[in-house]
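A closer look at the structure
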Amino acid sequence: MNPQKRIDELTEILNEANYNYYVLDKPTITDQEFDKYLRELEKLEIEYPGYAKETSPTKRVGGEVIDKFNKIRHRIPMLSLPDVFSEEEIIAFDESIRKNGYKPSYVCELKIDGLSGSFHYENGILTTGATRGDGSTGEDITHNVKTIRTLPLKLKEEIDIEVRGEIYMSKNTLLALNEEREKTGEAKLQNCRNAAAGSIRQLDSRIAAKRNLDTWIYHLPNPEDYGIKTHYDSLEFMKKLGLKVNPANRLAKNITEILDFIHEYGEKRGKLDYDIDGVVIKVNDLDMQKSLGFTAKYPKWAVAYKYPAKEVLTKLKDIIFTVGRTGQITPNAILEPVLVAGSTISRATLHNEDNILKKNLKIGDIVSIRKAGDVIPEVVEAKMERRTGQEKEFKMIDKCPMCHTPLVKKENQVDYFCVNKDCPRRNIESLIHFVSRDAMNIEGLGEEIVEELYNLGFIKRIEDIYSLKEKTKEIQEFDGYGEKLLGKIIDNIELSKKNSVEKLLFGLGIKGIGSKTAKLLAENYNDIDNLARSTVEELETIKDIGHILAVSVFDFFNSNRDLIANLKEIGLNMSYLGPRKKVHREITGKKFVITGTIEGISRNEIKDFIELNGGTTSESVSKKTDVVIVGISAGSKETKAKELNITIWNEEKIKQTMKEE
Ligand code: IVH
C-alpha cells in the first residue's frame, strides 16, 4: 500500500466521519471503527511525517504550544449588537426600519452565550482563528481552534472565505469538567461562557483540546463575494460548506413570528445543551442591511433580545454603608453567596434609604435577587411569608461610617451625604476615580494600591500622584512594591500627562459631568483655560448642558483655580486632541423658525443641526425670533418676518452653513 495514498484516504474517511458525527449529529461509523482508522493514521504519520496533512484529524488533540498570543487585525470590524429587553423595544426596532420606507423580513437566531470567533479558510483549508478582541484587533487562537471538532479543517469547497460564529462550551462538558476539577481540588469554572473563554486562551493547545469546545457559525462578513442576497441564504451557504449552523435559525415575516420564536425558545432554552441568553433578530435582505448601515458600535439592522434574568432566593445577612467620592452614602446588601445567571453574588447595591423602606427589607430576610440586564445584581423583594420574627429592622445611619461627620440630607432628596471635604474615604474614592480607565487611565494604579498609598501618606491629593516618582525609594521599603511594578506605574503616570483634556475633565469629578459631557466640553472649548473662563450663560448654549450642569462647571473652576494651575505646572496636557467640531457661533443662543421646504434636507435635520449648535427652534414668528429660514413655498411666516424686520436666511445660506463642518 502506498503510504501517502493511505494517509490521504484515512484523513478523508475520518474527517467525513467527524463531520457526520459532530456537525450533522448522524454517525456513519462505529466508535471502534473510528479508533481503528485513527490509530492507523497516527502510526503512518509518525512513520512518514512528510505526508501528514494540515487537515489531519490527529491535529484535533492539539500539540502546538505557543509562547504568546499574536494580534490579528480584522479586515472588517467585529461588531457587537445593541441589547433590548422588552417586546416594545423589538417593535420599536421594526418601526425604526419601516420608518425608512423598508418592508423587512427577519432571521431569528439563538444568542449563544460563548465568545465570538473569526475563522479564515484558504482554498477550503482552515488557516486562522481569532478572537473578537476589541472588535478591530483580536488574538490569534489558530492552534486552539484547530482542536474544535465541529469546525472543519477542510471545507466541502476549495474557496477562500471568512466566517464568524460563537465558540462555546456545552452544559454537559462544563458539568464533566467541574466534576473532574472537584476531584483534583481545582476551583470550579463558574459558567459555560467563562469556561469557553478560559479554554480558548490557553497557550497549550493540548489543554484546549481536552475542553471539548464547540461552535455555531452565524455570520458571513463578505456575502457579496459569493453572490448571496439574503442573510438566510448565507447561513444555508455556510451549512453546505460543512460548517455547523444552528438548525433553530428561522425566517420571520413579522413581529408576531419574531415573538413566537422568542416565546418558543424561552420555554425550550433549559432543555438545550448550551447556554443562550437571548435571541438575535437580523434583517434578512442584505441590500437592506447595507443601506441601514452602522452606528459607531452596532449594526442598525440587528438587535439582541435578552431574556429576563432569573430570580433566585438568598438571605440578606447585613446592610453596610459605603461612601462615594461625592460623599454620597450608599447602603449595600450583604448576601449569603448565591449563583445567579452564572456568577456568584454576595453583594448588591440597595441604592438609598427610600428604596429599602419601600421594599420593607429587614436584616435576616429571605430576599429574591436577579441580575438586571444580566449584569448588575439587584434585590427584588423580601419574601414576607418566610419571616420568622427574628429579623432586624433596618435603620439608616446618621454619621459617616468613615469619619463620623453627621450626614446631611437635602430637602426632597433621597440621598445622604458626608459633607466633610477631608473625609479619607471621599478622598480615596476621588483618587480612584481620577486614575480610572475612562478618566486618566493610569494602568497599574488600581483601587487597592491607591488606597494603600493614601493610607501610607504618599498620595493625599491629585497632584501627589505626579510626584510619586520622587518617592520610589521610600515606597519600595513597603511590601509588594517591587522595582518593576513601581517602574511601570510611574511610566503610566507620566504617559497620562499626554491624555486629551476630556479625560482630565472627567477625572476631576466635577458634579454631574460624565465622560460624555466631558468630551462635549472639550470639543466646544478646546482648552481648559477657555472653559474655566466661560460664564454660566455661555455654557448653557451647548446642547445637552442645562442650567444645573453649567452652574456646576462654573463653580468647580471658580473654586479650583489652584488645582488647575498646579496640574498645568506639572505638565498635564490641557487641550482637546480629538477632531475639532466646528461650532457655528451665529446659531448659538438664537431662536429660529423654519418655513417652506428646503430641497434635499428635511426639517428635522435642520432642527437637529440648529440644536446641536446651541440654537432653538419654534413654530411661530414673533418679536423674539432671531432668524427665519425661508424655503420654497413659504407663506405668511415670511411676510411676518419681513414686517418685524427679522433676519432671513434663504435656502443657499442654510445649506452653506450646514456644509461647513
Ligand atoms: S451576530 C454584526 N448572531 O452576541 C453581527 N451574534 O452582542 C455580529 N452572539 O459579539 C453578531 N449568538 O458574540 C450574532 N446568533 C448570533 C449570536 C451572536 C451569540 C454573540 C456574539 C456577539 C454578541 C453580540
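Below you will find a few notes about this structure. (Residues numbered from 1 in each chain as written. Predicted model: local features only at pLDDT ≥ 70, side-chain atom pairs only at ≥ 80, totals over all residues. Heavy atoms only, no water.)

1. Comments concerning the nonpolar core
The test is simple: In this description, a nonpolar core means a group of buried Ala, Val, Leu, Ile, Met, Phe, Trp, Tyr and Cys residues linked to one another through side-chain atoms lying within 4.5 Å. Buried, partly exposed and exposed residues are distinguished by accessible area as a fraction of the type maximum, computed with a 1.4 Å probe on protein chains only: under 20%, between the cut-offs, and over 50%, respectively. Contacts between residues were defined by any pair of non-hydrogen atoms, one from each residue, lying within 4.5 Å.
If you look at the biggest cluster of nonpolar residues, it comprises 55 residues, and the most contacted ones within it are L445, I465, L504, L521 and F557. Contact partners of L445, with chain neighbours within four places excluded, come to V435, V450, L453, I465, I489 and I493. Judged by nonpolar contacts, the second largest core, of 35 residues, contains I66, A195, M238 and L243.

2. A closer look at the packing of aromatic side chains
Filter applied, for reference: Here a Phe, Tyr or Trp ring, Trp counted by its six-membered ring, pairs with any other such ring whose centre lies within 6.5 Å, and the pair is stacked when the planes are under 30 degrees apart, edge-to-face when over 60, and tilted otherwise. Strands here are runs of E lasting at least two residues and helices are runs of H or I lasting at least four, both read from the DSSP assignment and numbered beginning at the N terminus.
Considering all chains together, one arrives at 15 aromatic pairs under this definition. Ring plane angle 90° and centroid distance 6.5 Å describe the contact between F434 and Y466, whose orientation is recorded as edge-to-face. In this pair, F434 sits in helix 12 (residues 424-435) while Y466 sits in the loop between helix 14 (462-465) and helix 15 (472-476), placing the two residues 32 residues apart along the sequence. The pair F434 / Y466 is uniform in exposure class, with both members buried. Connected via pairs of aromatic rings, a cluster forms that spans Y168, W216 and Y274.

3. Points about the site of the ligand
Formally: Note on definitions. A residue lies near a molecule or strand when any single heavy atom of the residue is within 4 Å of it. For this analysis, a polar contact is any N or O atom pair within 3.5 Å, provided that within protein one partner can donate a hydrogen and the other can accept it, and provided that sequence-adjacent residues contribute only side-chain to side-chain pairs. Reported accessibility uses the Shrake-Rupley method at a 1.4 Å probe radius. Residues are deemed covered only where the shown protein chains occlude them. Side-chain classes are defined by residue name, with Ala, Val, Leu, Ile, Met, Phe, Trp, Tyr, Cys and Pro counting as nonpolar, Asp, Glu, Lys and Arg as charged, and the others, Gly among them, as polar.
If you check the shell around the ligand, you find 14 residues, and the closest are L81, E109, I112, E166 and K282. At 3.4 Å, a side-chain N or O of S116 approaches an oxygen atom of the ligand. In the environment of the ligand, an oxygen atom lies 3.5 Å from a nitrogen or oxygen atom belonging to the side chain of Y218. Contact with the protein chains removes 90% of the 520 Å² of surface that the ligand exposes when unbound. Those elements that provide at least two residues to the shell around the ligand are strand 3 (106-112) and strand 10 (276-283). No other element matches the four residues that strand 3 contributes to the shell around the ligand. Per-class residue counts for the shell around the ligand are eight nonpolar, two polar and four charged.

4. A short note on the sheet that holds strand 19 (residues 591-595)
As a reminder of what qualifies: Any two strands with at least two DSSP bridges between them are considered paired. Think of each axis as a best-fit line through the C-alpha atoms, taken over the contacting stretch in the case of a helix, with angles from 0 to 180 degrees between the N-to-C directions.
Strand order in the open sheet made by the four strands is 20-19-21-22, with parallel pairing throughout. Of all the strands in the sheet, the pair left with one neighbour each is strand 20 (616-618) and strand 22 (647-649). For this sheet the average axis-to-axis angle between neighbouring strands, irrespective of direction, equals 35°. Here strand 21 (residues 627-630) pairs with strand 22 via three bridges, running parallel. Each residue of the ladder has a partner; that of I629, found in strand 22, is W649. Strand contacts of helix 23 (residues 603-612): strand 19, strand 20 and strand 21, with the helix running at about 170° to strand 19, the strand carrying the most contacts.

5. Section: the sheet that holds strand 2 (residues 83-84)
Spatially, 2-11-10-3-9 is the arrangement adopted by the five strands of the open sheet, whose pairing is mixed. Each edge of the open sheet is held by one strand with a lone partner, namely strand 2 and strand 9 (250-252).

6. Some remarks on unusual backbone geometry
Within the chain, D25 stands out as a residue other than glycine whose phi angle is a positive 60°. By secondary structure assignment, the location of D25 is in the loop between helix 1 (3-23) and helix 2 (31-47). Using a relative accessible area of 64% as the deciding quantity, one classes D25 as exposed. Positive phi is not limited to glycine here, since N441 has a value of about 55°. With respect to the helices, strands and loops of the structure, N441 is situated in the loop between helix 12 and helix 13 (447-455).

7. Considerations on the pairing of strand 5 (residues 125-131)
With six bridges connecting them, strand 4 (residues 115-122) and strand 5 associate as antiparallel partners. By the bridge assignment, Y121 is partnered in strand 5 with L126. In this structure, the hairpin formed by strand 4 and strand 5 is closed by a connection of two residues, where N123 is found at a positive phi of approximately 55°.

8. So, the pattern of salt bridges
Working definition: two side chains of opposite charge can pair if their charged atoms are close together. Short version of the rule: Salt bridge criterion: a side-chain nitrogen from Lys or Arg within 4 Å of a carboxyl oxygen from Asp or Glu.
Taken as a whole and judged by the stated rule, the model has 38 salt bridges. Salt-bridge contacts for E236 lead to K239; the nearest nitrogen and oxygen are separated by 3.5 Å. Taken as a pair, E236 and K239 lie in helix 8 (residues 231-240) at a separation of three residues, close to a single helical turn. On the basis of relative accessible area, E236 is assigned to the partly exposed category, the value being 27%. Here the residues in one salt-bridge network are D83, K111, D277 and K306, joined through shared partners.

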